[in-house]
Amino acid sequence: MSSHPQKKPVVLIAEELSPATVDALGPDFEIRHCNGADRAELLPALADVDAILIRSATKVDAEAIAAANRLRVVARAGVGLDNVDVSAATKAGVMVVNAPTSNIVTAAELACGLLVATARNIPQANTALKNGEWKRSKYTGVELSEKILGVVGLGRIGVLVAQRMSAFGMKVVAYDPYVQPARAAQMGVKLLTLDELLEVADFITVHLPKTPETLGLIGDEALHKVKPTVRIVNAARGGIVDEEALYSALKEGRVAGAGLDVYAKEPCTDSPLFELDQVVCTPHLGASTDEAQEKAGIAVARSVRLALAGELVPDAVNVQGGVIAEDVKPGLPLAERLGRIFTALAGEVAVRLDVEVYGEITQHDVKVLELSALKGVFEDVVDETVSYVNAPLFAQERGVEVRLTTSSESPDHRNVITVRGTLGDGEEVAISGTLVGPKHIQKIVAVGDYDVDLALADHMVVLRYEDRPGVVGTVGRILGEAGLNIAGMQVARAEEGGEALAVLTVDDTVPQSVLTELATEVGATSARSVNLA
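Before going into details, it helps to say that this report is about the structure given with it. (Residues numbered from 1 in each chain as written. Predicted model: local features only at pLDDT ≥ 70, side-chain atom pairs only at ≥ 80, totals over all residues. Heavy atoms only, no water.)

### Side note on helix H13 (residues 367–379)
Link 1 in the chain: With 13 residues, H13 should cover 18 Å at 1.5 Å per step; its first-to-last C-alpha distance of 19 Å lies within 8% of that length.
Link 2 in the chain: The complete set of buried residues in H13 reads Val368, Leu369, Glu370, Leu371, Ser372, Ala373, Leu374, Lys375, Gly376, Val377 and Phe378.
Link 3 in the chain: Considering only its buried residues, H13 is in contact with helix H12 (331–346), strand S13 (352–359), helix H14 (391–397), strand S14 (401–407) and strand S15 (415–422). (Helix = DSSP H or I, 4+ residues; strand = E, 2+ residues; numbered from the N terminus. Expected span 1.5 Å × (residues − 1). Buried < 20%, exposed > 50% of the residue type's maximum accessible area, 1.4 Å probe, protein only. Contact = heavy atoms within 4.5 Å.)

### Remarks on the environment of Leu43
Link 1 in the chain: One can find Leu43 in helix H2 (residues 39–45).
Link 2 in the chain: For the pair Leu43 and Ala67, spaced 24 residues apart in sequence, the C-alpha separation works out to 6.1 Å.

### Quick look at the pattern of salt bridges
Link 1 in the chain: Counted under the stated rule, the structure contains 28 salt bridges.
Link 2 in the chain: Between Lys375 and Glu336 there is a salt bridge, with the nearest N and O atoms lying 3.0 Å from each other. In this pair, Lys375 is assigned in helix H13 and Glu336 in helix H12, connecting sequence segments 39 residues apart. One exposure class covers both Lys375 and Glu336, and it is buried.
Link 3 in the chain: In this structure, the salt-bridge partner of Arg477 is Glu521, at a minimum N-O distance of 3.1 Å. In this pair, Arg477 sits in helix H15 (residues 471–481) while Glu521 sits in helix H16 (residues 512–522), placing the two residues 44 residues apart along the sequence.
Link 4 in the chain: What you see here is one network of salt bridges that share partners, running through Glu30, Arg32 and Asp48. (Salt bridge = Lys/Arg side-chain N within 4 Å of Asp/Glu carboxyl O.)

### Let's talk about the sheet that holds S15
Link 1 in the chain: A sheet is described by the order of its strands in space; here 6 strands give the open sequence S14-S13-S15-S16-S17-S18, paired in mixed fashion. The sheet terminates laterally at S14 and strand S18 (450–455), the two strands that pair on one side only. For this sheet the average axis-to-axis angle between neighbouring strands, irrespective of direction, equals 20 degrees.
Link 2 in the chain: Pairing between S13 and S14: 7 bridges, direction parallel. Bridging from a neighbouring strand, Val357 pairs with Thr406 of S14.
Link 3 in the chain: Along the sheet, H12 makes contact with S13, S15, strand S16 (428–436) and strand S17 (441–447), crossing S16 at roughly 155 degrees. (Pairing = 2+ DSSP bridges. Axes fitted to C-alpha atoms, helices over the stretch in contact; angles between N-to-C directions.)

Interpretation in functional terms is not warranted from these geometric data alone.
Here it is, written out as structure tokens:
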């Protein structure tokens, strides 16, 4: 890449994606297309691409990742990642992104549709009538109003279903070991154990992720605890409701009906369940709306843009840090700039690096601030784009021990971020910053043990020297003669006549020759310039 700075990054679109996806990528990329389902076409096409966009038909496995020596991002325009080898990607330093929220409304609406369809036999009656049969009495249904809906899994989709079915006059109970009862109560949902839910529910809808713990959760044992009038909907993941056990329960009259959108093995076209008239089934349509496809494509296109620019990608699945709280986001650029200033002041890579976060922000997960600082530390050290995925790898390669320290105590400012490092010779370098006011103005509040109060700027000079009169005048004169305007300056000292520290913000880059002259004239023990532009 570095030898072709003018070359646009290559994005390979391996499956049919909405035109809005391509629009969202913008004009900065060379866009290529291939049929990702055809391995013979896919593998050679991966040779020189920076990013690949896929849906569910393309397998990005270890072989594909090995064939793509320039690959930086795998983007799945959808929710699941069954077709991506995330661990192989992580080992190769390749970011994997998906669109985790693109289909939540769509999936919730389909679950609601299946609930209504199973209650009122809509598809069966439709088929009969189209076959010339008027069967009113055969397809008598049940009302949803006043019935108990058991939501198994109160995540984002489960909550949307609960809200929508409450509007039908249903009483909602839920099982979810990871949700606090108070949080559920706020939504008008009563939390129960799974056994309690199975016993009282008139309708059950499943909204859990597929894990070893949830596989077969609604199995033979569970289906012996339910009311014989219960109707069960699974529009989440195939296998959470055991299909054989469900078939037996329906045949034996222990379950009245079922609505299924997902199956243990897909595509599924010949399940014994399909023979039963009281089963409503759809071919995994949970994410199949124009809106969901569009949202997914646009979301991953945005992630690809961010990733190839080395920015934070909130939807990356193989980045430490997870979901970023709104209060933490403004701190990301500050932490990154502090990391860059640290490297400029240290002039080398630290043996140990501490990222310290103080203040009320620490009530959130601030792991991502450590990644931000690390990204800044290596930004000017390596010649490739530093991302939130590969920054920890650069630290590892260089034997840098990285620690994150947090404390809710922050005596002077609401929040402070410090990047502190121990260098090879035992010297310690530290820089602290904060955000001020509604506009989040970035300020430096300390350099090492010296307190300062200066708006952070793209161009700075940090000098250490023996405290004596006339230094400020000398610095002003030298910079003035060089045509450099001083925007701000602060001098800090521990004691009169001891070591002093001067931090200057200037309007332009300070050339090395001017820095050397400054150091010589004021007898500086250290003179460093910082250029963040």
